[in-house]
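# Close look at the chain arrangement
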Amino acid sequence: MAKSKRHPAHPASRNRRRFLRSVALGSSVVGFALMGYVPVVTGRAEKLRPPGALLEQEFMAACIKCGQCVQVCPVEAINLRDLTDGFGLGTPWIEARDQACDFSCDGLQCVLACPTGALTHEINYPHQAKMGLARVVDAGRCLAVQGKGFKGQARGPDFTGKLRYDEVDRWNPIRVADHPYDLELCDLCVRQCPIEIRANQCDAGNPPSGDVNQCPPKRAIRLVPLDSEEGKVRMAPEILEGCVGCGVCEMICPVEPAVIVIDYRDRKEVMA
Amino acid sequence: MSRLYDSFAELLGRDPRRPKPDELPEEIREIHARKKNDRERIENIRVELEHKRKNKQPERLRRKRWLVLLAVNLLFVLSFELDIQLLEGALTASRFAGFHMADLNSALQVMLAFKHVVINLVIGTTTVFVLWWLLGGRTFCSWVCPYHLLAEWAEMLHLKLVKKKLVKDHPFDRRTRTVLWVVFALLALITGYTVYETISPTGILSRALIYGPGIALVWVAALLAFEIFYSRRAWCRYLCPIGLTYGVVGATSPFKVQYHLESCFHEGECRKVCLVPHVLDTVIKGRARGLHVDIGADCTRCGRCVEACPTSSLTFRFTGLDKLL
């Protein structure tokens, strides 16, 4: 030991050590990067994606992780995934319960902003999006099913989520907390559905921006009457073919936890 | 031509070749002999360097470079924060005043993984390619990359610890970067995932600045710790595929640092500050094959050598521009 301290290591052995060190470092870096595959195979990285997102596998390949979609969203619905989502790091996703996509930009700004086509430029209107599919999880807790109305702020005073209310301000979304409701029978999921709102405007002869192409060809959600007891009106939400999975129904549902949720995992089947 | 070949080979990790004494032209050997006898000049430079060491002056160009680097990254942050939409996106892909830009390495990863290129990405990639070809390729590293700045600060700390003999620099084989570049390109092609983006400190830091911090910063911190305690500037020197991509782009760039043999007295001040000292191998006595030698493709045009040189033997040069002026 003492000897090697006095004499510097032989160049050949120094080079050999440097080589081995380099192999170890290189493999550690690649190995660490490949660990990003784990959250992908376990499905952890899979989440509700912005409108126009390609199939999950293609989407992950095409997304350049720049967040331009995040920047253009008027309701700030889009977030970016973290390192714990492996290869999904930097890809956009939507937590519908906190802030759904309400299409208040009308023109699908995130799709237009995407530089790589990960959000496909083939769609132009909200009803063409296929983000997921809404599902009623526990109908018994639904206020409409119980024949109950709803009065007040849909998600309480502290909820920061926003929606665009055409009748309040056509151009700027406002906080849901600033728009209290007074409903005899709760129909929030139907009332605030962006597809239903558009369909109603079209039926009334006022398509959004005066553009008939904005008119959804199919309805997305409705309330179906149930057998009433003692003359009480009871209704149940029913998801229809036109649902695009934007998540507004999940966001606005005043019951905790939400009675209606989005199945984003169905996106593959939805798109197929 | 052979200079370009050497520049590429050194970029990929080959050690610089030293010319045999008889390979050097007569003219150069004469210069070396003349300089050796110029005792007065040598003594003057020694005194000047001694004075510089005792009265440390701030590196002006380095400060300016940091300002540029911070300004570019701040422009990203403010564009989003204040919604002024001047530079939208992050360093991986962005829009400057509406015009598409795409980081070349990120774009490459996406193209290999997705196997399909939309026109916006073609525009963005071409724009950035031309921009960085003109500006020198790895200029991106030292003038824009946010990790580079943190790594420079980590390097200062590392050098302090080395001086106190608390840590030792462990060099790696520079070919590691080339191997990693190939591995990550193949992984993108085969797996269909942009695997490198998962660990790219450039992308992680850029997004953290613009969209807020995340757990991914732990990886960046780990890299910095590795550089402080184990190996000087390890990520930028031996690993980062982005650096290699831009190095290739800048290999034929008109903008470069040029070495002038005649005025150089081989003190080696430049090599001490250089991020990639192998590109300055030519300044060692007897290595330069010509009177004016372009510094190789791996050079980040940071200009620290230009500022450190006591004899102004290293200068920035934009080929063609001097003829125009």
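The shown structure was predicted, so the numbers you read here are calculated from the model rather than taken from an experiment.

Residues and elements named next belong to chain B. Examined at the domain level, chain B breaks down into domain 1 (2-48 + 254-324) and domain 2 (60-248). Each of domain 1 and domain 2 was reduced to a C-alpha centroid, and the two centroids are 28 Å apart. Listed as interface residues are 19 residues of domain 1 and, on the opposing side, 22 residues of domain 2. Mapped onto the side of domain 1 that touches domain 2, the elements with two or more residues apiece are helix H1 (2-12), strand S4 (255-260) and helix H15 (304-308). Here the element with the most residues in the side of domain 1 that touches domain 2 is H15; it accounts for three residues. By residue class, the composition of the side of domain 1 that touches domain 2 is ten nonpolar, four polar and five charged.

With that settled, consider helix H9 (residues 175-191) of chain B. Its 17 residues place the ends of H9(B) 24 Å apart at the C-alpha level, agreeing with the 24 Å of an ideal helix rising 1.5 Å per residue. Buried within H9(B) we find Thr176(B), Arg177(B), Leu180(B), Trp181(B), Phe184(B), Leu187(B) and Ala188(B). Taken down its axis, H9(B) places every buried residue within 140° of arc, on the same side. Opposite the buried face of H9(B), by more than 90 degrees, sit the exposed residues Val182(B), Leu186(B) and Ile190(B). Looking at the buried residues of H9(B), the elements they touch are helix H2 (11-34) of chain A together with helix H5 (104-114), helix H12 (234-239) and helix H13 (241-250) of chain B. Once H9(B) ends, the next one or two residues include Gly192(B), with phi positive near 80°.

Further remarks concern the interface of chain B and chain A. Contacts between the two partners involve 44 residues from chain B and, on the opposite side, 35 residues from chain A. Elements supplying a minimum of two residues to the side of chain B that touches chain A: strand S1 (87-90), strand S2 (93-96), strand S3 (99-102), H5, helix H6 (119-135), H9 and helix H10 (201-211) of chain B. Per-element accounting of the side of chain B that touches chain A gives the leading share, five residues, to H5(B). Per-class residue counts for the side of chain B that touches chain A are 25 nonpolar, 14 polar and five charged.

Let's shift gears to the packing of H9(B) against H13(B). All names here are of chain B. At a closest axis distance of 9 Å, the pairing of H9 and H13 adopts a crossing angle of 95°. Considering their axes alone, H9 and H13 lie roughly perpendicular with respect to each other. Residues Arg 177, Thr 178, Leu 180, Trp 181 and Phe 184 of H9 form the contact with H13, whose participating residues are Pro 241, Gly 243 and Leu 244. Here the contact of H9 with H13 is built from residues that sort into five nonpolar, two polar and one charged.

Residue and element names in this part refer to chain B. One open sheet holds the three strands; their spatial order is S5-S4-S6, and the pairing between them is antiparallel. The sheet terminates laterally at strand S5 (292-294) and strand S6 (314-318), the two strands that pair on one side only. Strand-to-strand twist across the sheet, computed as the mean angle between neighbouring axes with direction ignored, equals 35°. Relative to S5, S4 runs antiparallel, the two being bridged by three bridges. Bridge assignment links Gln 258 to a residue of S5, and that residue is Asp 294.

Criteria and cut-off values
Residues numbered from 1 in each chain as written. Chains lettered and ligands numbered in written order. Predicted model: local features only at pLDDT ≥ 70, side-chain atom pairs only at ≥ 80, totals over all residues. Domains from an automatic or database assignment. Contact = placed C-beta atoms within 7 Å. Helix = DSSP H or I, 4+ residues; strand = E, 2+ residues; numbered from the N terminus. Nonpolar A, V, L, I, M, F, W, Y, C, P; charged D, E, K, R; others polar. Expected span 1.5 Å × (residues − 1). Buried ≥ 20, exposed ≤ 12 C-beta atoms within 10 Å, placed from the backbone. Arc of directions from axis to C-beta. Axes fitted to C-alpha atoms, helices over the stretch in contact; angles between N-to-C directions. Parallel < 35°, antiparallel > 145°, perpendicular 65-115°, else oblique. Pairing = 2+ DSSP bridges.

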